[in-house]
Amino acid sequence: MSEVDGIGMTSQRSRNRLVDSLREMGIKSEKVLEVIRTVPRHLFVDEALASRAYENTALPIGYGQTISQPYTVALMTEALCDSGSMKKVLEIGSGCGYQTAVLAQVSRLVFSVERVKGLFAKTDQRLRALKILNTRLKHGDGFEGWAANARYDAILVAAAPVSLPSKLIEQLSLGGRLVIPVGRSGKQELRMYVKTSNGVVEKCLESVSFVPLLDGLR
Ligand code: SAH
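In this report, we go over the structure that sits alongside the text. From a predicted model like this one, the values you see are computed outputs, not experimental measurements.

### Remarks on the overall build of the protein chain
Across its full length, the protein chain carries 6 helices and 9 strands. In terms of overall dimensions, the protein chain is globule-like: its C-alpha atoms have a radius of gyration of 16 Å, near the 17 Å expected for 218 residues. Over its C-alpha atoms, taken along the principal directions, the protein chain stretches across nearly 50 × 35 × 35 Å. Looking at the 218 residues of the protein chain, the share that counts as buried comes to 52%. For the protein chain, contacts bridging at least 24 residues in sequence account for 54% of all contacts bridging at least 6. On the protein chain, roughly 10100 Å² of surface is accessible, and the fraction owed to carbon and sulfur atoms is 51%.

### Regarding the nonpolar core
If you look at the biggest cluster of nonpolar residues, it comprises 53 residues, and the most contacted ones within it are Leu-22, Ile-36, Phe-44, Ile-67, Met-86 and Tyr-98. Among the elements of the structure, helix 1 (8–24), helix 2 (30–38), strand 1 (59–62), helix 3 (70–81), helix 4 (98–106), helix 5 (117–129), strand 6 (152–157) and strand 8 (188–196) are those that each provide at least two residues to this core. Here this core takes 8 residues from helix 3, the largest share from any one element. Residues in contact with Ile-67, not counting those within four places in the same chain, are Arg-41, Phe-44, Val-45, Ala-58, Leu-59, Ile-61, Cys-96 and Tyr-98. Membership of the second largest hydrophobic core comes to 17 residues, among which are Leu-90, Ile-92, Ile-155 and Leu-213.

### Regarding the pairing of strand 9 (residues 199–208)
For a regular strand, side-chain orientation follows a simple rule: the groups alternate between the two sheet faces. Sheet topology note: the strand 8/strand 9 ladder contains 9 bridges and is antiparallel. Counterpart to Leu-190 in the pairing with strand 9 is Glu-206. If you look at the hairpin formed by strand 8 and strand 9, you'll find 2 residues sitting between the two strands.

### Description of the packing of aromatic side chains
The final tally for this structure, using the stated rule, is 3 aromatic pairs. On the numbers, 5.2 Å between centres and 80° between planes, the contact of Phe-111 with Trp-146 is edge-to-face. With Phe-111 in strand 4 (residues 109–114) and Trp-146 in the loop between strand 5 (135–139) and strand 6, this residue pair connects regions lying 35 residues apart in the sequence. We classify Phe-111 as buried; its relative accessible area is 7%. Trp-146 gets classed as buried once you look at its relative accessible area, which sits at 13%. Arranged with centres 6.0 Å apart and planes meeting at 65°, the rings of Phe-111 and Tyr-152 form a pair that is edge-to-face. Of the two residues, Phe-111 is situated in strand 4 and Tyr-152 in strand 6; the sequence distance between them amounts to 41 residues. Since its relative accessible area comes to 0%, Tyr-152 is described here as buried. Positioned over the ring face of Tyr-98 is Arg-41, at 5.4 Å from the centre of the ring. Above the plane of the ring of Tyr-152 lies Lys-88, whose end atom (NZ or CZ) is 5.6 Å from the centre.

What counts, and at which threshold
- Numbering of residues starts from 1 in every chain and runs along the sequence as written.
- Owing to the predicted nature of the model, reporting of local features is limited to residues with pLDDT of at least 70; listing and counting of side-chain atom pairs is limited to 80 or more, with chain, interface and lining totals taken over all residues.
- Water and hydrogen atoms were dropped before computing side-chain values, which therefore reflect all heavy atoms in the structure.
- By the criteria applied, helices consist of DSSP H or I runs no shorter than four residues and strands consist of E runs no shorter than two, each listed in order from the N terminus.
- A radius of gyration in this sense is built from C-alpha atoms; the matching globule rule multiplies 2.2 Å by the number of residues raised to 0.38.
- Buried residues are those whose accessible area, probed at 1.4 Å on protein chains only, stays under 20% of the maximum for their type, while exposed residues exceed 50% and partly exposed ones sit between those limits.
- Any two residues having at least one pair of non-hydrogen atoms within 4.5 Å are treated as being in contact.
- For the accessible areas, the method is Shrake-Rupley and the probe is 1.4 Å, while residue cover comes only from the protein chains on display.
- In this description, a nonpolar core means a group of buried Ala, Val, Leu, Ile, Met, Phe, Trp, Tyr and Cys residues linked to one another through side-chain atoms lying within 4.5 Å.
- A pair of strands counts as paired when DSSP detects no fewer than two bridges linking them.
- Side-chain rings of Phe, Tyr and Trp, where Trp is taken by its six-membered ring, are said to pair if the distance between their centres is within 6.5 Å; with planes under 30 degrees apart they count as stacked, over 60 as edge-to-face, and otherwise as tilted.
- The rule for a charge over a ring is simple: NZ of Lys or CZ of Arg within 6 Å of the ring centre, and within 35 degrees of the ring normal.

Honestly, it's all geometry; don't read function into it.
Structure, rendered in structure tokens:
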């Protein structure tokens with residue numbers, strides 16, 4: 001991955017600090033922690049916010065959306081990596097592409113759908129500029145998934161629907177996992193659904209706070 005290095009050692013120190021705090025918060029996968037340490041989060045936010053890029057917080061990315069908190073990105077990525085194959089992955093809600101870039105380090109091919117056209121276009125360009133080439137983006141409605149490339153080993157949803165979108169379960173392969181926040185603002189929980197030969201198994205991971213998964217394109 002090429003990297004514009006304007007932040008230097010300060011950035012290395014703050015990245016290590018971020019990884020230390022994620023470890024303290026319970027992230028155990030060394031593979032995921034290493035990905036968080038190396039993906040340049042400061043290149044996914046506005047220059048004015050770059051100095052805060054290695055804090056464990058969500059930050060604005062325009063259009064009323066936020067880049068997910070590093071802890072949440074690590075938690076969802078770890079849950080998927082620890083539970084099975086990651087060859088073909090679908091992400092719903094590309095946003096600024098940070099989670100997409102993280103997934104690209106642990107899978108062969110990542111498909112990602114974003115409903116806001118302006119974010120889609122900017123993020124598609126950004127990932128190419130960073131030479132993250134095993135990703136395919138589309139401007140579309142995540143409630144529909146991305147049927148043309150189904151089925152997926154893993155699906156990660158970065159915005160919360162009120163109830164589980166059935167099309168996403170359909171697009172999972174056997175043994176596939178879906179990690180998704182579900183519920184209204186203020187009472188969402190992060191859930192993992194596993195598709196088995198005996199049906200779909202649901203597990204609750206923890207309480208979370210995401211922007212809503214919205215209907216219709218913008
Ligand atoms: N992983 C992203 C998170 C962005 S926030 C990042 O780190 O930047 C969630 C994103 O989901 C927003 O960009 C929002 O526009 C998008 N989104 C909301 N509803 C959607 C839908 N129905 N289909 C696709 N994307 C959606």
